[in-house]
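Survey of secondary and tertiary structure
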Amino acid sequence: MKSIKIKADNLNVYYGEKQALFEVSMYMEEKQVTALIGPSGCGKSTFIRCLNRMNDVIDICKVQGKIEIDGNDIYAPDMHVEQLRERVGMVFQKPNPFPKSIFENVAYGPRIHGIAEHKSDLEEIVVTSLKKAALFDEVKDRLSDSGTSLSGGQQQRLCIARAISVNPDIILMDEPCSALDPIATARIEELMGDLKTEYTIIIVTHSMQQAARVSSRTGFFHLGKLVEVDKTEAIFSNPSDQRTQDYITGRFG
Amino acid sequence: MTDRIEQRINSLNKRLNSEKRFRIYCIGAMSFALAWVLILFLNIFSSGYSAFYRTVIQVDVPFLNLIEDTTQFSEMSSEDINNLSMYSFSKKAIYRLFPDIEEKKDKKMLIRLFSIEFEQEIREFLKSNKSNINEAETIYLTASDDVDQVNKGNYPRDLDEDKRRIKDIQLLFFDDLVDRGLVSYEFNLPFLMRGDSREPELAGVGGSIVGSLFTILVVLILSFPIGIFAAIYLEEFAPKNKVTDFIEININNLAAVPSIVFGLLGLGIILNTFGLPRSTPLVGGIVLSLMTLPTIIIATRASLRAVPPSIREGALAVGATKMQAVMHHVVPVAMPGALTGTIIGLAQALGETAPLLLIGMVAFVVDVPQTPLDASASLPVQVYLWSESAERGYVEKTSATIMMLLGFLILMNLAAVLIRRKFETKW
């Protein structure tokens, strides 16, 4: 068994009066891909956004319970959210490169964290990150072009490069392929396979096939509750809950 | 079946006709608005363009009569020249145009063909050419406003003499000078350089241009940073609660406050309580800043709001602080919009008159201001001042000032469009 990287314990999340997550407890293994599936509005995005505290920006959002990364409570008062996000990168549903050059997109993170001392270090980080995101060959001649001039799939890989530029342990992916065509999706999935040797990846997805292809463990969310979490093969071949069974066989969702 | 098709075609024709009618209404509305703008421009231009040239009369000035040897001028300082008594010498130079005139009354009439500063003009000529003055020099002296207007054809010569400011004998002199080729036009540089004057032919718009520029500069320095920071705080950092709602409503209210109220505020607080100097661009700028701020804040907030939230999330997700996300990513994208709003606000301030009347920028100021702390007029107030004057010279100068004002406004709006085009983020 792999060592546990992230552990959520009894997590309740409220948006104002409305409760979005109910007593979610699960763990995620290091250097594995964990997929979160479920119908729209089931709370899987809310859950993933708790892991790097992106929900903090929503005034009315309130988080109860505990999330530990490497045994440290990320909601502890002495935890700086900027430091947390340096360790827990995120890729969003819609590609959101900065309207700056490709180079600047990747260099931004290292620069604000003071990771690169010299310009040459920064260039090396940018090149390495772009290579890891399997984008370097396509853009190496036009690093000064705007990041927004790339195609959708390239933009999303640029966002992945941006996320890994600060050398995180964990990468959160919130439906990273939902705005992409099948070919671009296949490239991102392939990339995830490479990245999991170095990073712990959590992916929220609408596509059950995608979850089955890329993940080792899968959690099924429904109406704000974590219905079931298990090895991916087990979830898709022999789910223990009737609702999971119904969802993966396409009876709802 | 064919019935049905026919019915459809009828209905389609109806719809297409109504679309045609709608287009005609729209084009009509646009043409109407455009026609008024054209009429306005034509009207102002046709009555104002003549202010950009002026009538001068060529006079031979025998400097040898003033001094034994004209090379001595080169050794004199400007102050020495100022101390020379030149009034009767200058008058005599003018009398030489018509050596036959004997009567004092006629001589007076002749002198009145010229601007009252003729002595000063000869002195200035002497000062700037003192090193090579010949025995006699040809100097172009400014004609009086009446002559200027007669020459430009703006003056009804066929009125009865007692209804005219310019007398028959003066017209005789003038026509004779024209025949002798001594009357000419030149570009009216003094109009652009000088301050206001009681003499229409000497009044210039330079003082109010500089006053307006100083005022706008003060507005820019005050309202741009304050407006941008206020907008950033309200849009990006302020919690959404009753207090910020209240502030938001009041900023919108502030934008709708009649400008004269800001003038009263300036009079009561900035002049009387704080004791800042009256009639100055500094005070005018402060008052107009109050008026411009809401415009800038509203425009900046709108352009901040238009920045996709995903950009903020992208920055936050790599560990940027809130401030870094805003300053590095959101503000640069919003900047063209904020600048456009600022320029439009400044253009409004440039044309604003009422508040300036209350803080005393309506004063008669002859000197061109050197600093924002000097008393000064401004372009719109100059229009207001001159539009009340009876002399014909001021009529064309009023229109010419409006032309200058419109010119500045068009330039600023053009700048706003260009900035938006050039720096707008392409997604």
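Residues numbered from 1 in each chain as written. Chains lettered and ligands numbered in written order. Predicted model: local features only at pLDDT ≥ 70, side-chain atom pairs only at ≥ 80, totals over all residues.

**Re the overall build of chain A**
Check the secondary structure of chain A and you find 10 helices and 10 strands. Computed over the C-alpha atoms, the radius of gyration of chain A is 18 Å, within 12% of the 18 Å expected from 2.2 N^0.38 for a compact globule of 253 residues. Based on the C-alpha atoms only, the size of chain A along its principal axes is roughly 55 × 45 × 35 Å. Out of the 253 residues belonging to chain A, those deemed buried represent 45%. In chain A, once contacts between residues fewer than 6 apart in sequence are set aside, the share between residues at least 24 apart is 68%. (Helix = DSSP H or I, 4+ residues; strand = E, 2+ residues; numbered from the N terminus. Rg over C-alpha atoms; globule rule 2.2 N^0.38 Å. Buried ≥ 20, exposed ≤ 12 C-beta atoms within 10 Å, placed from the backbone. Contact = placed C-beta atoms within 7 Å.)

**As for the overall build of chain B**
The helix and strand inventory of chain B stands at 17 helices and 3 strands. Scaling as 2.2 N^0.38, a compact globule of 427 residues should have a C-alpha radius of gyration of about 22 Å, whereas chain B reaches 31 Å, well beyond that. Taken across its 427 residues, chain B has 36% of its residues classed as buried. For chain B, the share of sequence-separated contacts (at least 6 apart) that also reach a separation of at least 24 residues comes to 78%.

**Focus on the interface of chain A and chain B**
Facing the 23 residues of chain A at the interface are 18 residues of chain B. Elements represented by at least two residues in the side of chain A that touches chain B include exactly helix 2 (81–87), strand 6 (88–91), helix 3 (102–113) and helix 6 (152–164) of chain A. Examining the composition of the side of chain A that touches chain B, we find that 4 residues originate from one element, helix 3 of chain A, more than from any other. A class-by-class count of the residues in the side of chain A that touches chain B yields 10 nonpolar, 7 polar and 6 charged. (Nonpolar A, V, L, I, M, F, W, Y, C, P; charged D, E, K, R; others polar.)

**Here's the deal with the pairing of strand 3 (residues 33–37) of chain A**
Residue and element names in this part refer to chain A. Burial within strand 3 is extensive, with 5 of its 5 residues counted as buried. The alternating pattern of strand 3 places Val33, Ala35 and Ile37 on one face and Thr34 and Leu36 on the opposite face, and all of these are buried. Both strand 3 and strand 8 (residues 200–204) contribute to a ladder of 4 bridges, which runs parallel. Note on strand 8: the bridge partner recorded for alanine 35 is isoleucine 203. Note that strand 3 and strand 9 (residues 217–222) share 4 bridges and pair parallel. Each residue of the ladder has a partner; that of isoleucine 37, found in strand 9, is phenylalanine 220. (Pairing = 2+ DSSP bridges.)

**What about the sheet that holds strand 2 (residues 136–142) of chain B?**
All names here are of chain B. If you walk across this open sheet you meet the 3 strands as 2-1-3, and the pairing is antiparallel. Bordering the open sheet on either side are strand 2 and strand 3 (183–187), each of which pairs with just one other strand. Across the sheet, the mean angle separating the axes of adjacent strands is 45° when strand polarity is ignored. Summarising the sheet, strand 1 (residues 53–62) and strand 2 pair through 7 bridges and their orientation is antiparallel. Bridge assignment links proline 62 to a residue of strand 2, and that residue is alanine 136. Where helix 5 (residues 118–128) meets the sheet, its contacts fall on strand 1 and strand 2, and the angle it forms with strand 2 comes to roughly 135°. (Axes fitted to C-alpha atoms, helices over the stretch in contact; angles between N-to-C directions.)

**Topic: the nonpolar core**
Grouped together as the largest cluster of nonpolar side chains are 129 residues, with contacts concentrated most on Ile171, Leu172, Ile201 and Ile202 of chain A. Contact partners of isoleucine 201 of chain A, with chain neighbours within four places excluded, come to Val33, Ile171, Met173, Met192, Leu195 and Lys196 of chain A. Residues Ile57, Phe73, Ala93 and Ile94 of chain B belong to the second largest nonpolar core, which totals 24 residues. (Core = buried A, V, L, I, M, F, W, Y, C linked by C-beta atoms within 7 Å.)

**Overview of the packing of helix 9 (residues 206–237) of chain B against helix 12 (residues 281–305) of chain B**
Residues and elements named next belong to chain B. Helix 12 packs onto helix 9 with a crossing angle of 35° between their chain directions and a minimal axis gap of 6 Å. When the axes of helix 9 and helix 12 are compared, the crossing they make is right-handed. A per-class count over the contact of helix 9 with helix 12 returns 19 nonpolar, 9 polar and 4 charged. (Left-handed = near helix turned anticlockwise from the far one by under 90°.)

**Looking at the environment of leucine 217 of chain B**
By the secondary structure assignment, leucine 217 of chain B is in helix 9. Taking the C-alpha atoms as reference, leucine 217 of chain B lies 9.0 Å from proline 372 of chain B; in sequence the two are 155 residues apart.

**With respect to helix 12 of chain B**
Every α-helix carries 3.6 residues per turn, so stepping three or four residues along brings you back to the same face. Residues and elements named next belong to chain B. Taking 1.5 Å per residue, 25 residues should reach 36 Å; helix 12 reaches 34 Å between its end C-alpha atoms and fits that length. Residue methionine 291 marks the point of greatest curvature in helix 12, where the axis turns by about 35°; the proline proline 294 follows within four residues. Buried residues dominate helix 12, accounting for 22 of its 25 residues. (Expected span 1.5 Å × (residues − 1). Bend = angle between axes of the 7 residues up to and from the residue.)

**Notes on the packing of helix 3 of chain A against helix 6 of chain A**
Residue and element names in this part refer to chain A. One way to put it is that helix 3 packs onto helix 6 with a least axis distance of 7 Å and a crossing angle of 30°. Judged on the interaxial angle alone, helix 6 and helix 3 are roughly parallel. As helix 3 packs across helix 6, the resulting crossing turns out to be right-handed. Here Ile102, Asn105, Val106 and Gly109 of helix 3 lie close against helix 6, whose contacting residues are Leu158, Ala161 and Arg162. (Parallel < 35°, antiparallel > 145°, perpendicular 65-115°, else oblique.)

**Points about unusual backbone geometry**
Residue and element names in this part refer to chain A. The phi dihedral of glutamate 23 falls on the positive side, at around 45°, and the residue is not glycine. Following the sequence through the fold, glutamate 23 ends up in strand 2 (residues 18–29). The phi dihedral of lysine 31 is positive, around 50°, even though this residue is not glycine. With respect to the secondary-structure elements, lysine 31 resides in the loop between strand 2 and strand 3. Of the residues examined, lysine 31 has 17 C-beta atoms within 10 Å and is grouped as partly exposed.

**Things to note about the confidence of the model for chain B**
Averaged over all residues, the pLDDT of chain B equals 91, while 100% of them reach at least 70. Listed scores for the predicted complex are pTM 0.85 and ipTM 0.92. (pLDDT = per-residue confidence, 0-100.)

**Some details on the pairing of strand 6 of chain A**
Residue and element names in this part refer to chain A. Burial of strand 6 is two-sided: the residues Val88 and Met90 facing one way and the residues Gly89 and Val91 facing the other way are all buried. Strand direction decides the pairing type here: strand 6 and strand 7 (residues 170–174), joined by 4 bridges, are parallel. Opposite glycine 89, over in strand 7, you have isoleucine 171 as the bridge partner.

**Examining the environment of aspartate 9 of chain A**
Residue and element names in this part refer to chain A. Within the fold, aspartate 9 resides in strand 1 (residues 4–15). The partly exposed category is assigned to aspartate 9, around which 14 C-beta atoms lie within 10 Å. Distance in space between the C-alpha atoms of aspartate 9 and tyrosine 27 is 8.5 Å, their sequence separation being 18 residues. Excluding its chain neighbours within four sequence positions, the residues that come into contact with aspartate 9 are Ser25, Gly65 and Lys66.

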